[in-house]
Amino acid sequence: MRKAAVFSIFIGLFTLIVSCDKKRVYDEYEPIQGGWERDSTLVFNLGELDSLQNYNLFINVRNNKDYNYRNLFLITEMRFPQGKVVTDTLEYEMAAPDGSWLGTGFGDVKESKLWYKENVSFTEPGEYKIAIKQAMRKNDQVEGIKNLEGITHIGFRIEENLQ
């Protein structure tokens, strides 16, 4: 009987938390196991989005204590349904100057919700895709880091811009 009550409370809290996230349109994660390979591209299929709505776009990063850098460089591609591709090189701070992580969370894993684009409208009919790959390099080296340790998940999130 007690297990049923605890389970009911858990389901109620979960429903409350999920229902409070009214702005969320898309929120997916891809796990990264054994390090993020330099040539590995993560692709998020966004599907067809409301062309009359404006959105805010975010890249979510989960990292652990094995991540040895203060920043993170990413290359993104927004792939439009009609073939157009918009490429961005992005830099995000992951840690403060004192070495403390800027993300949220308990224990070893921290999550960072990073701004990608603001007030975007998807006016072309069809399916959009976002491709993300890491572009980390050590100082004074041309070659990128072959296997980036410490990133456990990369996510992509779309929220309605309710302004």
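Since this is a predicted model, take the numbers as computed values, not measurements. (Residues numbered from 1 in each chain as written. Predicted model: local features only at pLDDT ≥ 70, side-chain atom pairs only at ≥ 80, totals over all residues. Heavy atoms only, no water.)

## Some remarks on the packing of aromatic side chains
Test applied: Ring geometry is summarised as follows: Phe, Tyr and Trp rings, the Trp one being its six-membered ring, pair when their centres sit within 6.5 Å, and such pairs are stacked at plane angles under 30 degrees, edge-to-face over 60 and tilted between the two. In this text, helices come from DSSP runs of H or I with a minimum length of four residues, and strands from runs of E with a minimum of two, each type numbered from the N-terminal end. The cut-offs for exposure are 20% and 50% of the maximum accessible area for each residue type, with area from a 1.4 Å probe on protein chains only; residues under the lower value are buried, those over the upper are exposed, and the others partly exposed.
What the rule picks out here adds up to eight aromatic pairs. For the pair Phe-58 and Trp-115, a centre-to-centre distance of 4.6 Å together with 45 degrees between the ring planes defines the contact as tilted. Here Trp-115 lies in strand 7 (residues 110–121) and Phe-58 lies in strand 4 (residues 54–63), a separation of 57 residues in the sequence. Accessibility expressed as a relative area gives 4% for Phe-58, which makes it buried. When the centroid spacing of 5.4 Å and the interplanar angle of 65 degrees are considered together, the rings of Phe-80 and Tyr-128 count as edge-to-face. Taken together, the residues Phe-80 in the loop between strand 5 (71–79) and strand 6 (85–93) and Tyr-128 in strand 8 (residues 128–134) connect sequence positions 48 residues apart. Relative accessible area serves as the criterion here: at 17%, Phe-80 is assigned to the buried category.

So yeah, pure geometry; function would need other evidence.
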